[in-house]
Amino acid sequence: MVTKTVDFSARAVEALHNARLRGSFRDAMDDLIRKRLDHFRDETLFRELSGEGAAIRARALSRLPELLEQLERKLVSNGITVHWAEDAAQANETVLKIIRAHDSRRVIKGKSMVTEEIGLNDFLETRNVEVLESDLGEYILQLLDERPSHIVMPAIHKTKAQIAELFARKFPEIPYTEDVDTLTATARRVLRDAFRSTRIGISGVNFMVAETGTLCLVENEGNGRMCTTIPDVHIAVTGIEKVVEKLADVPPLLALLTRSATGQPITTYFNMISSPRREGEKDGPKEVHLVLVDNGRSDIFANPDFQETLRCIRCGACINHCPVYTRIGGHSYGTTYPGPIGTVFAPLQDGLKERGELLSASTLCNACTEVCPVRIPLAGLINRLRAEYAAPRGNVKDAGSGRSWKEAMAWKLWSAVYARPRLYQRLLNWGLKHRDRLPRELAPWSDSRAMPVIAEKSLHQLVREKSEADQ
Amino acid sequence: MREKPTQVLLFGSCLIDVLYPQAGMDAIALLEREGIEVVFPQAQTCCGQPAFNAGYRDEARKVARVQLDCLQGDAPVVVPSASCAAMMKHHYVELFRDQPEAEAAAQLAARIVEFTEFLVDVLRIRLQDQGPDIRVAVHSSCSARREMNVAVQIESLLEQLAQVELVHQDHKAECCGFGGTFAVKQAEISAAMVADKTAALLRCEIDRYITQDCGCMMNIDGALASQQAPLRGTHIATFLMERTGGNEDS
Ligand code: SF4
């Protein structure tokens, strides 16, 4: 679920004063950056791997419709039921229908950003279905009634002390502790009970393999495996772009994903789901459903300027390396996916009117582009979206909605001067001559910075004088 | 391209023109000292990056066309500003995609060389330090580091100078928070970023920081000045001239 982006700037300013964000948050990001770098110190190696990752994802996208059909055929023949959802509402209804068909009032969930995107928890809860998050971070947020602020570490905006305090409040029988293992054990005990008594498990998916009809799920806590094996029914929810051609595509992507996300060579758990429980098997759900969510993705797919966005494997590296995210945190964005990937994805998905303001939250420093394991040119795409936002015409929803006549006029004036070399020099010389009379303050620049000092003579002038003197 | 040319064009950038012309003059002097003829086309104005990054591509194109015109020829174009170099080398192709000037833009892009890259990779310059002991840090702009890939070159130049001690500030690769219109549209976030940058530089207890990008210098120096800190930045061209005895008369 998402909040309107309007007032992004206001939220960002508020976040800048937030103690957690000013303090240990940056250390947490630095730690993630270091852990990733430990695997990719060799730049050539990273270039090789990311080249392969990008190629795999690009190949899959170039055949997306075909691969999705193949995937569906394979899944169906494996006994998995496939549902297609055009938008969030359809996806939510589909999940609800499956739950109701089993007369259930309770689901247990593994981590899934797509279910955040479609607002599944709120939807189910207003329809009397109790939802229990089983990923530790998501569980903490559920207790706090908060949204994830990061796509890999949803509760990264919380300090250990805040979590300890929360647990002390919710579980008064357990003494206050900041020990992570004890806290985890407490949550695990509550969740284990729930796993035993809940008949429907919901999860996300990291990769879907068209060749074999396999759903891959990457996780560290084992709760994903529990969600997808203990309950009678497993409902997987994911975006249509997550498909890859073949099983051999998975290892390189997995290697990139875990290293980029958490700096792990491999996660503790890697689940490959290829069918419901077969006769003679001791565990596994009796039914497996896959809900394939479009929710704007086919529009992005159809736009060659922005299709690359769909290569994303949701590793979060662009977020960890973003100097803006590091200072304002994920909630300021007001989107499901924060940071650079969200800054690109949200305007494409929801339109520029609603999300265009986010585009200003980037210095185009390319820290994101540099680390993206599938080589999405994030800064370049932000720049392209800015053009869509400001241009009188374009190919993205609500193109031109960010065009203000004042800004347009300013740039027109600017280009009228800088496209006329002689006029430019005349005005420049005039400015230099009257440099003492130019404003000494110009908000908001001068709120935190002195105005630059105008030179006495321009480079143009100095070069001219020099060549006259040389002759 | 990697052969030493007899002549280059110099694109000075609009910021150098109005705020740091000495950096441009020092770049020219240094190149000439190495035996290169430097041509400075007087019709040059701005690479168009400000409008391009703000999303105003029609306006950016209008201005960029003037540079395509005045920078014609086969000689390398040396740019003592990494972000303008990146604009012309990497983004002109995007800006002129599907435009009649696409080919001209690609031709120019192939000739763009950032100043430190030219000194190190093309001229293989050898420097003799003649200055007193000094402690400096380098701030490479994001364009220098991640688009032009020349963060190594500026440091290798400084490493040639015997009396220059190069120290490394914390979060050195992080953006200084300038980002063109970002500094105005998200002024508070920008201020927080530049405050961290200046704090990291000040902790190094350096005499100066050296950069190849005047946008960052305007931002960082502006913040330092408003904090009333004595530290300032120096453009690499000016610093090299100063250290190698080239600035005696200026
Ligand atoms: S855009 Fe790239 S870096 Fe960011 S989450 Fe997606 S794959 Fe990871």
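## Some remarks on the overall build of chain A
Consideration 1: Regarding its fold elements, chain A presents 24 helices and 10 strands.
Consideration 2: Viewed in the frame of its principal axes, chain A has a C-alpha envelope of about 95 × 55 × 45 Å.
Consideration 3: Looking at chain A as a whole, 56% of its 471 residues are labelled buried.
Consideration 4: Within chain A, counting contacts between residues at least 6 apart in sequence, those at least 24 apart form 73% of the total.
Consideration 5: Here chain A displays about 20,700 Å² of accessible surface, and carbon together with sulfur accounts for 52% of that area.

## Here we look at the sheet that holds strand β3 (residues 130–133) of chain A
All names here are of chain A.
Consideration 1: With parallel pairing, the six strands of this open sheet are ordered in space as β1-β10-β7-β4-β2-β3. The sheet is open, and its two borders are formed by β1 (80–85) and β3, each paired with just one other strand. Mean inter-strand twist for the sheet, computed between neighbouring axes without regard to direction, equals 25°.
Consideration 2: Direction of pairing for strand β4 (residues 200–203) relative to strand β7 (residues 233–239): parallel, over a ladder of four bridges. When the bridges of β7 are listed, Ile-200 appears paired with Val-233.
Consideration 3: On top of the sheet, helix α5 (residues 64–77) reaches β1 and β10 (287–293); it is set at about 145° to β1, its chief contact.

## A few points about the site of the ligand
Consideration 1: Around the ligand sit Cys-312, Ile-313, Arg-314, Cys-315, Gly-316, Cys-318, Ile-341, Cys-372, Pro-373, Val-374, Ile-376 and Leu-378 of chain A, and those are all the residues in its vicinity.
Consideration 2: A breakdown of the residues in the shell around the ligand according to their chemical character gives 10 nonpolar, one polar and one charged.

## A few points about the domain arrangement of chain B
Residue and element names in this part refer to chain B.
Consideration 1: If you check the domain split of chain B, you get domain 1 (7–122) and domain 2 (134–243).
Consideration 2: A separation of 22 Å is found between the C-alpha centroids of domain 1 and domain 2.
Consideration 3: Across the boundary between the two partners, domain 1 contributes 28 residues, which contact 23 residues of domain 2.
Consideration 4: In this assembly, domain 1 packs against domain 2 so that about 2,000 Å² is buried in total across both faces, 70% of it on carbon and sulfur atoms.
Consideration 5: The interface formed by domain 1 and domain 2 holds zero salt bridges in total.
Consideration 6: Along the contact surface separating domain 1 from domain 2 lie nine residue pairs in polar contact (both at pLDDT 80 or more).
Consideration 7: Within the residue set of the side of domain 1 that touches domain 2, elements represented by two or more residues are α1 (14–18), α2 (21–33), α5 (82–95) and α7 (115–122).
Consideration 8: Of the residues assigned to the side of domain 1 that touches domain 2, the class counts are 16 nonpolar, six polar and six charged.

## Topic: the packing of aromatic side chains
Consideration 1: Enumeration according to the criterion identifies 13 aromatic pairs over all chains in this entry.
Consideration 2: Each member of the aromatic cluster is reached from another via a ring pair, and the members are Trp-411, Trp-414, Tyr-418 and Tyr-424 of chain A together with Tyr-56 of chain B.
Consideration 3: Above the plane of the ring of Phe-345 of chain A lies Arg-314 of chain A, whose end atom (NZ or CZ) is 5.2 Å from the centre.

## A short note on the interface of chain A and chain B
Consideration 1: Facing the 61 residues of chain A at the interface are 65 residues of chain B.
Consideration 2: Where chain A abuts chain B, roughly 5,400 Å² becomes buried across the two surfaces, and 61% of that area is made up of carbon and sulfur atoms.
Consideration 3: On the chain A side of the interface with chain B, the three residues burying the most area are Trp-411, Arg-449 and Leu-459 of chain A, jointly 13% of the side's total.
Consideration 4: Among the ionic pairs, Asp-196 of chain B bridges to Arg-327 of chain A, the shortest N-O distance being 2.8 Å.
Consideration 5: When residues of the side of chain A that touches chain B are assigned to their parent elements, the largest contribution, eight residues, is made by helix α21 (residues 405–418) of chain A.

## A word on the sheet that holds strand β2 (residues 37–39) of chain B
Residues and elements named next belong to chain B.
Consideration 1: Strand order in the open sheet formed by four strands is β2-β1-β3-β4, and the pairing between neighbours is parallel. One side of each edge strand has no neighbouring strand; the edge strands of this open sheet are β2 and β4 (112–114). Strand-to-strand twist across the sheet, computed as the mean angle between neighbouring axes with direction ignored, equals 35°.
Consideration 2: Bridge count between strand β3 (residues 77–79) and β4: three bridges; the pairing is parallel. Within β4, the position partnered with Val-79 by the bridge is Glu-114.
Consideration 3: Contacting β1 (7–10), β2 and β3, α2 runs over the sheet at an angle of about 175° to β1.

## Here we look at the environment of Pro-338 of chain A
Residues and elements named next belong to chain A.
Consideration 1: Its location among the elements puts Pro-338 in the loop between α16 (323–328) and α17 (339–350).
Consideration 2: Here the alpha-carbon distance between Pro-338 and Asn-223, two residues 115 residues apart in the chain, equals 24 Å.
Consideration 3: With residues up to four places along the chain from it excluded, the contact list for Pro-338 reads Ser-149, His-150, Ile-151, Ile-319, Tyr-325, Gly-330 and Tyr-333.

What counts as what
- Residues numbered from 1 in each chain as written.
- Chains lettered and ligands numbered in written order.
- Predicted model: local features only at pLDDT ≥ 70, side-chain atom pairs only at ≥ 80, totals over all residues.
- Heavy atoms only, no water.
- Helix = DSSP H or I, 4+ residues; strand = E, 2+ residues; numbered from the N terminus.
- Buried < 20%, exposed > 50% of the residue type's maximum accessible area, 1.4 Å probe, protein only.
- Contact = heavy atoms within 4.5 Å.
- Areas by Shrake-Rupley, 256 points an atom, 1.4 Å probe, with all protein chains shown as cover.
- Pairing = 2+ DSSP bridges.
- Axes fitted to C-alpha atoms, helices over the stretch in contact; angles between N-to-C directions.
- Near = heavy atom within 4 Å.
- Nonpolar A, V, L, I, M, F, W, Y, C, P; charged D, E, K, R; others polar.
- Domains from an automatic or database assignment.
- Buried area = accessible area lost by both parts, 1.4 Å probe.
- Salt bridge = Lys/Arg side-chain N within 4 Å of Asp/Glu carboxyl O.
- Polar contact = N/O pair within 3.5 Å; in protein donor to acceptor, adjacent residues only side chain to side chain.
- Phe/Tyr/Trp six-rings, centres within 6.5 Å; stacked < 30°, edge-to-face > 60°.
- Lys NZ or Arg CZ within 6 Å of the ring centre and 35° of its normal.

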